[in-house]
Number of protein chains: 2
Amino acid sequence: MKLFLVLIFVATSAFALDELVKVQEFKLDSFTTVRGKSIKQVRMGYETYGTLNEEKSNAILIAHYFTGNGHAAGKYTDADKALGYWDAIIGPGKALDTNKYFIVTSTMFGSLTPTDPNTITTGPASMNPATKKPYGMSFPEVTVRDSVNLQKALVDSFGIKKLFAVAGASGGAAQAVDWSAAHPEMVGKVIAVIGPGLSLPAYTVALLDVWSAPIMLDPKWNKGNYYNKKAPIEGLTESLKVLTHSSLSFDWATDVGRDKIQATLTERAKARAAVIDANSLIYMARAVQTFDVEKEAGSIKADVLFVPASSDLIFPPELSVKAAKKLCDGGKKAGVYVIQGKGGHLDGIAKISDAAPVMTDFLNGKMKSCKF
Amino acid sequence: MKLFLVLIFVATSAFALDELVKVQEFKLDSFTTVRGKSIKQVRMGYETYGTLNEEKSNAILIAHYFTGNGHAAGKYTDADKALGYWDAIIGPGKALDTNKYFIVTSTMFGSLTPTDPNTITTGPASMNPATKKPYGMSFPEVTVRDSVNLQKALVDSFGIKKLFAVAGASGGAAQAVDWSAAHPEMVGKVIAVIGPGLSLPAYTVALLDVWSAPIMLDPKWNKGNYYNKKAPIEGLTESLKVLTHSSLSFDWATDVGRDKIQATLTERAKARAAVIDANSLIYMARAVQTFDVEKEAGSIKADVLFVPASSDLIFPPELSVKAAKKLCDGGKKAGVYVIQGKGGHLDGIAKISDAAPVMTDFLNGKMKSCKF
């Protein structure tokens with residue numbers, strides 16, 4: 001029995017990250033947005049797993065989703081109960097194999113949890129160096145491309161000329177695809193999980209308004225000036241309830257049950273509202289709304305693997321198929337693998353290990369592309 | 001040329017209602033809800049098209065959808081630009097043939113447009129006879145079954161023992177199916193267009209909360225006490241924006257375009273907010289949430305035709321198929337016809353004429369049922 005337990009321990013540890021992870025900070029004195037606004041003293045958190053090789057050719061960048069941050073794998077302390085969101089596919093021997101690849105995660109402008117000590121971000125909750133007060137709604141409007149360009153500065157700082165791959169889920173998929181259009185020579189492969197394809201569909205543009213509207217209806221929001229007062233928790237909770245509802249599926253809700261669904265969503269939303277900044281949610285929604293590389297698709301050089309989820313109501317699988325076909329019609333290599341499940345959009349996190357074999361093949365150049 | 005025009009005129013008029021229609025009023029001194037609350041001086045609007053035969057065997061009752069009222073066909077005045085919502089299938093020679101059937105429409109408890117002179121309804125905006133003030137949120141909670149039972153009182157008043165059919169779209173489909181479970185001996189056939197099946201799925205229960213939440217976040221809502229003050233137009237507009245968004249589809253939004261989708265939804269919502277009562281929307285959402293005849297399905301005697309719409313995101317076609325299969329498994333006759341289109345939920349109104357031949361066959365007892 002003791003031997004058996006030891007074997008399990010060895011088997012488990014072989015797939016876990018060797019060391020505890022640590023958020024690191026990347027700083028720029030000044031950053032100019034694509035809309036021409038200057039932001040001073042920009043800070044961005046990042047994490048790395050694995051080792052950059054001498055040729056600097058084994059780096060995979062991971063971009064995060066709407067409510068997330070750069071914590072994609074491992075633990076900060078031994079006491080941590082939760083692992084990074086994609087730990088199932090990041091580590092020694094896993095799809096994103098840290099024995100082979102140097103994984104760099106990044107944090108977007110205006111990430112939603114600015115008070116979390118492990119989220120280092122610059123956004124509406126940050127101090128404006130010019131006024132010594134939080135920006136609030138005076139923070140410049142940022143786009144997906146701005147977060148990509150900030151990540152590029154980080155990648156440049158490592159001396160990396162070309163990323164082996166860029167990957168991400170949801171809003172992270174949008175960033176990954178955006179990378180391949182913004183800096184075509186720098187991206188070898190793209191893994192776009194539960195993403196919108198090559199642009200945010202108009203239906204989802206409107207859905208993002210639906211998500212942020214309840215915040216702005218809460219009088220405590222006060223046009224974004226609440227940092228020294230009471231936060232608009234009621235509106236924020238409703239926003240997060242709507243967002244959570246969108247992220248799930250009919251089958252998931254049926255399993256929860258008609259009698260418990262409202263309480264379940266409220267409970268989840270309340271827990272999240274305690275750690276999320278309302279203005280940041282508004283900025284994030286506006287940033288994601290800007291994603292559109294339809295016209296730039298011809299310049300993409302990367303091979304692209306799209307990994308939608310079958311029951312996703314935010315970005316249904318058809319969007320990935322449509323994007324892959326467009327790339328293939330333009331002579332690119334693209335493939336689609338659909339995660340089967342009833343967890344809705346969230347299956348891109350919860351069931352990501354289902355896609356591990358396909359991701360491994362893709363990274364090894366073995367994907368059968370353009371077969372639909 | 002003159003003859004040609006005359007022929008067109010004759011051809012058109014053959015399919016339109018012969019006369020202008022008029023809202024009529026049905027009154028009850030007192031009504032007891034299924035939850036045991038008494039409502040005094042209940043008023044319900046209804047319209048009739050066609051003639052009740054001597055045997056009183058040719059009546060078809062039509063129940064309305066969430067934002068609608070009983071105006072299903074024809075015009076009130078020659079100057080009316082809009083026809084009743086299902087005019088495409090109601091009239092002489094149409095699927096619901098007024099030469100053959102006596103069509104009765106009804107209005108639900110708490111219909112959303114109580115200030116419209118053609119909406120006669122009893123709900124939160126009505127005067128409470130006991131206080132001489134509007135009920136507001138003190139109006140008793142009403143269910144789908146309550147509106148069905150109020151309709152039954154109307155049907156009884158005509159001396160009709162059995163309805164040839166009950167039909168409705170969306171929330172009207174829920175009422176039609178509810179009729180067949182509540183009063184099985186009284187319903188010959190059910191036509192459930194863009195409906196939820198045999199119960200409101202948990203996902204949609206939560207969606208109805210999402211629709212009404214913005215109203216309650218607007219401080220002008222004031223816990224429902226706004227009838228002598230400013231109405232919560234900002235919250236109501238957002239509610240209607242969300243509701244409209246849910247009612248449409250990805251393809252529809254793509255056709256509108258990323259640049260115009262937000263303005264288009266806002267414009268539609270503003271127009272509707274001017275005529276809709278906020279409290280009534282909250283009551284209607286709660287009423288629709290109660291629909292559930294899963295456990296009573298065995299008692300249904302009616303044949304049922306489900307008519308979902310292919311791009312419906314509120315009640316996807318799978319819900320109708322699941323309901324039809326359950327009825328067939330229980331030895332009933334049920335069929336499904338899917339309206340193909342990209343108008344989302346609204347195709348149950350906009351494209352209802354596509355289903356006219358199938359509805360005609362169904363009413364003539366010629367449907368091939370239980371073939372999936």
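The coordinates are above.
This part covers the overall build of chain A. Helix and strand content of chain A: 11 helices and 12 strands. A globule of 372 residues ought to have a C-alpha radius of gyration of about 21 Å, and chain A, at 20 Å, matches this closely. Across its three principal directions, the C-alpha atoms of chain A cover 55 × 50 × 45 Å. Looking at chain A residue by residue over its 372 residues, the buried ones come to 57%.

Before going further, it helps to spend a moment on the interface of chain B and chain A. In this assembly, 40 residues from chain B lie in contact with 40 residues from chain A. When chain B packs against chain A, the two sides together hide about 3100 Å² of surface, and 68% of this comes from carbon and sulfur. Along the contact surface separating chain B from chain A lie 4 salt bridges. With its nearest N and O atoms 4.0 Å apart, the salt bridge here joins Asp209 of chain B to Lys241 of chain A.

Here the focus is the side chain of Ser199 of chain B. Residue and element names in this part refer to chain B. Locating Ser199 in the fold gives a position in the loop between β10 (187–193) and α4 (202–217). The exposure class of Ser199 is buried, given its relative accessible area of 11%. Separated by 2.7 Å, the side chains of Ser199 and Glu294 make a polar contact.

Moving on to the state of the cysteines. All names here are of chain A. By the definition in use, this model includes 2 disulfides over all chains. Each sulfur in the disulfide pair Cys328 and Cys370 lies 2.0 Å from the other. Across the disulfide from Cys328 to Cys370, rotation about the S-S bond amounts to roughly -85°, and the bridge is consequently left-handed. Taken together, the positions of Cys328 in helix α9 (residues 317–329) and Cys370 in the segment after α11 (356–363) put the pair 42 residues apart, joining distant regions of the chain. Exposure remark for Cys370: the relative accessible area of 32% places this residue in the partly exposed category.

Attention now moves to unusual backbone geometry. Residues and elements named next belong to chain A. For Lys56, which is not glycine, the phi torsion reads 55° and is therefore positive. Within the element layout of this structure, Lys56 appears in the loop between β2 (38–49) and β3 (59–63). Since its relative accessible area comes to 31%, Lys56 is described here as partly exposed. A positive phi angle is found at Ile194, which is not glycine, with a value near 40°. Counting through the fold element by element, Ile194 comes out in the loop between β10 (189–193) and α4 (202–217). With a relative accessible area of 2%, Ile194 lands in the buried category.

All names here are of chain B. Relative to strand β2 (residues 38–49), strand β1 (residues 24–32) is paired through 8 bridges, and the arrangement is antiparallel. Of the residues in β2, the one forming a bridge with Glu25 is Gly45. Connecting the antiparallel pair β1 and β2 is a turn made up of 5 residues, with Gly36 showing a positive phi of about 90°.

Time to look at the nonpolar core. Core analysis: the largest hydrophobic core is formed by 74 residues, its most contacted members being Phe66 of chain A together with Phe66 of chain B. Setting aside anything within four residues of it in sequence, one finds Phe66 of chain B in contact with Leu112, Leu208, Trp211, Leu243, Leu281, Met284, Ala285 and Val288 of chain B. Listed in part, the 48 residues of the second largest apolar core include Met44, Phe109, Val148 and Ala174 of chain A.

This part covers the pairing of strand β9 (residues 165–169) of chain A. Residues and elements named next belong to chain A. Most of β9 sits out of view: 5 of its 5 residues are buried. Neither face of β9 is open: one carries Ala165, Ala167 and Ala169, the other Val166 and Gly168, and all of them are buried. Note: β3 against β9, 4 bridges, orientation parallel. Bridge assignment links Ile60 to a residue of β9, and that residue is Ala165. As defined by bridge partners, β9 adjoins β10 across 4 bridges and the pair is classed as parallel. Looking at the pairing, Gly168 lines up with Ala192 of β10. For the crossover from β9 across helix α3 (residues 171–182) to β10, the handedness is right-handed.

Here we take up helix α2 (residues 144–157) of chain A. Every α-helix winds through 3.6 residues per turn, so residues three or four apart in the chain are directed the same way. Residue and element names in this part refer to chain A. Taking 1.5 Å as the rise per residue, α2 with 14 residues should run 20 Å; its terminal C-alpha atoms sit 20 Å apart, in good agreement. Within α2, 10 of the 14 residues are buried, leaving the element largely enclosed by the surrounding structure. Residues Val144, Arg145, Asp146, Ser147, Val148, Leu150, Gln151, Ala153, Leu154 and Val155 constitute the buried set of α2. Of the surrounding elements, those touching the buried residues of α2 are β1 (24–32), β2, β3, β6 (102–106), α3 and α8 (278–289).

We now examine the relation of the copies chain B and chain A. Placing chain B over chain A gives an RMSD of 0.0 Å and needs a rotation angle of 180°, together with 0.0 Å of translation along the axis. The superposition operator between the copies reduces to a two-fold rotation axis. Here 100% of the contact residues of chain B are again contact residues in chain A; the copies associate through an equivalent surface.

What follows is about empty space enclosed by the protein. A full pass over the atoms with the stated rule returns 2 cavities of 30 Å³ or more. Lining the largest cavity are 17 residues, with Tyr203 and Leu207 of chain A together with Tyr203, Leu207 and Ser246 of chain B positioned closest to its centre. Among the elements of the structure, α4 and α5 (233–247) of chain A together with α4 and α5 (233–247) of chain B are those that each provide at least two residues to the lining of the largest cavity. The residue makeup of the lining of the largest cavity, split by class, is 13 nonpolar, 4 polar and no charged. When its volume is computed, the second largest cavity comes out at roughly 40 Å³. Lining the second largest cavity are Val23, Gly45, Tyr46, Glu47, Gly70, His71, Tyr76, Thr105, Thr107, Asn118 and Ile120 of chain B. Considering each element in turn, the lining of the second largest cavity owes the most residues, 3 residues, to β2 of chain B. Grouping the constituent residues of the lining of the second largest cavity by class yields 4 nonpolar, 6 polar and 1 charged.

Criteria and cut-off values
- Residues numbered from 1 in each chain as written.
- Chains lettered and ligands numbered in written order.
- Predicted model: local features only at pLDDT ≥ 70, side-chain atom pairs only at ≥ 80, totals over all residues.
- Heavy atoms only, no water.
- Helix = DSSP H or I, 4+ residues; strand = E, 2+ residues; numbered from the N terminus.
- Rg over C-alpha atoms; globule rule 2.2 N^0.38 Å.
- Buried < 20%, exposed > 50% of the residue type's maximum accessible area, 1.4 Å probe, protein only.
- Contact = heavy atoms within 4.5 Å.
- Buried area = accessible area lost by both parts, 1.4 Å probe.
- Salt bridge = Lys/Arg side-chain N within 4 Å of Asp/Glu carboxyl O.
- Polar contact = N/O pair within 3.5 Å; in protein donor to acceptor, adjacent residues only side chain to side chain.
- Disulfide = S-S within 2.5 Å.
- Pairing = 2+ DSSP bridges.
- Core = buried A, V, L, I, M, F, W, Y, C linked by side-chain atoms within 4.5 Å.
- Right-handed = clockwise from strand over helix to strand, strands pointing away.
- Expected span 1.5 Å × (residues − 1).
- Least-squares fit on C-alpha atoms with pLDDT ≥ 70 in both.
- 1 Å grid on protein atoms, 1.4 Å probe; cavity = no way out; pocket = protein on both sides within 12 Å on 5 of 7 lines; lining within 4 Å.
- Points joined across faces, edges and corners; volume = space filled by probe spheres on them.
- Nonpolar A, V, L, I, M, F, W, Y, C, P; charged D, E, K, R; others polar.

By themselves these figures say nothing about function.
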